[in-house]
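# Observations on the model geometry
One letter stands for each residue in the lines below.
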Amino acid sequence: MTSLPPVSTMTAFTLCLLGLVCITSIQAFHLELKPENIEIFYTEDVELECNSKGEDSSDIVQVTRIRIAKEAEDGTWKNLGKVIEKNIKILSDPDASGSGEIGDPSTAHLKIKWKLATEEMTGNYRCDVVGVNQHGDFVFDNSEPFKIHDSEQSITDVLEVLDKQRERAQERFDAIKLQLLEVSQRKAKIETQKIERHFTDNDARFDKIESKLDELIALYKVEQPPPCPLVEMVSDFDADIWPYGFFGLLMPRAGCPAGTDHDWFTGTRQHLTNGESQIPSSTHLSTPIISGKFFNQRFCVINNTHSERAWPKGSYCINRKLGYCPGGFEPGFMRFDDKHSGSARSGVLPDGYYSTYTRIYYCCRHDAPPSSPMVLPTSKPFYLYRYLGQCQKIRGMVVKEEWFLVDTAGDDNGDSYNSKIHPDGDLNPVKVELCYYEKYERDV
């Protein structure tokens, strides 16, 4: 073919696209998608790149222009992005960005990047390259059409992705709500401290209070019964203080536990079930528990980060809050496959997902035998979750094994554990084993 007089790159590209004044080269450039498989609304950082296959069969010795085009509904090809000299332009997608270079065919490329895979990305793409050969003729090379399509997620997969996004949003919302409540508590504590300073500065009143305390202490020493040989009584002062951290517990009928300077937040998860949920007649859970086809789990949740006590070693589980477990615990969760409409939530709940189904997170530990008594506050009853077959003993308290059963959405449903870290129980339907503690009262 006879060489033509020099023309501009823009004119050459136009003429090449029209099939005029241009030599067609063997397809030495191609399109690559990273990652190879994408999921719409889930895969992040998607890249589509036009580059050389690394073959020597191309006649192009100098690349002057690269573009990536997308096929429109009418069959025409619309520019998506192009690189000319050092100028990179993304023409038709405001959510995309680009990078690239021209010149040496071995390094020449055009890359278009999206932050998130969307339905607008799917379709047929083509890479068009213009360059010159060793004779100075303009050469046109275009890649084979390349199709971007969804990896055909099932409806269940899409719902799971949306559930995860809702769960993260809900956790952030709960964290902000808890922080706001904590601010209110701090303000109340400041006012309380002002009152306390007023009484402290009043010597006469302070002396009377101190004297009264001495009388109560003396009276307590006289009336305190000797230790029972069956239950080791608690005597250390710190036994009335709950350990450090954000955490939650099931609420007993007597209300949230004592042993903290801060108020407990309460919340309820109301499961819509098949209507055959069960509880033992001797349960101490906060009522109402079963109302028709609804099963209520009531929780006490607290920010006890002002405590200086570590959690004792033992074998038991508590509820996780604000994304992490206290030291010594390992995290896990249990999924309750509620019927898909009608479940509800209120108040402050442990970490979890509370929408079309229920996922509740737990913190469990097994670093001491459950038969070795540990120390927790004894002034009011409370629940722990049973872990690995036996209730943990607590000094000064009597423990009773209890349970509840939530009749979830039918046999062989979505009830599940994510690991071996969870309270004792069973699935399909969900059964949870509990340990109820109340203070040991010696017969007089």
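Refer to the structure printed above.
Parameters and conventions
Residues numbered from 1 in each chain as written. Predicted model: local features only at pLDDT ≥ 70, side-chain atom pairs only at ≥ 80, totals over all residues. Heavy atoms only, no water. Buried < 20%, exposed > 50% of the residue type's maximum accessible area, 1.4 Å probe, protein only. Helix = DSSP H or I, 4+ residues; strand = E, 2+ residues; numbered from the N terminus. Pairing = 2+ DSSP bridges. Salt bridge = Lys/Arg side-chain N within 4 Å of Asp/Glu carboxyl O. Polar contact = N/O pair within 3.5 Å; in protein donor to acceptor, adjacent residues only side chain to side chain. Disulfide = S-S within 2.5 Å. Phe/Tyr/Trp six-rings, centres within 6.5 Å; stacked < 30°, edge-to-face > 60°. Lys NZ or Arg CZ within 6 Å of the ring centre and 35° of its normal.

Burial along strand 21 (residues 382-385) is two-sided: Phe382 and Leu384 and Tyr383 and Tyr385, pointing in opposite directions, are all buried. Where strand 21 and strand 25 (residues 430-439) come together, four bridges link them in antiparallel fashion. Bridge pairing links Tyr383 to Tyr436 in strand 25.

A word on the pattern of salt bridges. Scanning the entire structure with this criterion turns up 15 salt bridges. With a closest N to O distance of 3.8 Å, Asp174 and Lys321 form a salt bridge. Linking Asp174 in helix 2 (residues 155-201) with Lys321 in the loop between strand 16 (315-320) and strand 17 (330-336), this pair joins segments that are 147 residues apart in sequence. Look at Asp174 and you get buried, because its relative accessible area is 8%. Note on Lys321: relative accessible area 0%, which makes it buried. Note that Glu433 and Lys431 form a salt bridge whose closest N and O atoms lie 3.6 Å from each other. Judged by its relative accessible area of 26%, Lys431 is partly exposed.

What follows concerns the side chain of Arg67. Looking at where Arg67 falls in the secondary structure, it is placed in strand 4 (residues 62-71). Side-chain polar atoms of Arg67 contact the side chain of Asn79, separated by 2.4 Å. Within the structure, the side chain of Arg67 is placed 2.7 Å from the side chain of Asp128, a separation counted as a polar contact.

Here we take up the state of the cysteines. Evaluation of the coordinates by the stated rule reveals five disulfides. The disulfide partner of Cys325 is Cys363, and the gap between their sulfur atoms is 2.1 Å. Disulfide Cys325-Cys363: torsion about the S-S bond near -85 degrees, hence left-handed. Here Cys363 lies in strand 20 (residues 358-366) and Cys325 lies in the loop between strand 16 and strand 17, a separation of 38 residues in the sequence. Across this residue pair, the class does not change: Cys325 and Cys363 are buried. A sulfur-sulfur distance of 2.0 Å marks the disulfide that ties Cys391 to Cys435. Taking the torsion about the S-S bond as the criterion, the Cys391 to Cys435 disulfide, at about -95 degrees, is left-handed. Placement of the pair is Cys391 in the loop between strand 21 and strand 22 (397-406) and Cys435 in strand 25, with a sequence separation of 44 residues.

In total, this model carries 16 aromatic pairs according to the counting rule given. Residues Phe333 and Tyr361 carry aromatic rings whose centres are separated by 5.3 Å and whose planes lie at 65 degrees to one another, so their mutual orientation is edge-to-face. Linking Phe333 in strand 17 with Tyr361 in strand 20, this pair joins segments that are 28 residues apart in sequence. Under the relative-accessibility criterion, Phe333 is labelled buried at 15%. With centroids separated by 4.8 Å and ring planes inclined at 55 degrees, the aromatic side chains of Tyr353 and Tyr357 adopt a geometry described as tilted. Owing to a relative accessible area of 2%, Tyr353 belongs among the buried residues under this scheme. A network of ring pairs unites the aromatic residues Trp242, Phe247, Trp264, Trp311, Tyr316, Phe329, Phe382 and Tyr437 as a single cluster. If you follow Arg320 out to its NZ or CZ, it ends over the ring of Tyr361, 4.1 Å from the centre. Positioned above the aromatic ring of Phe333, the side-chain terminus of Arg359 is 4.6 Å from the ring centre.

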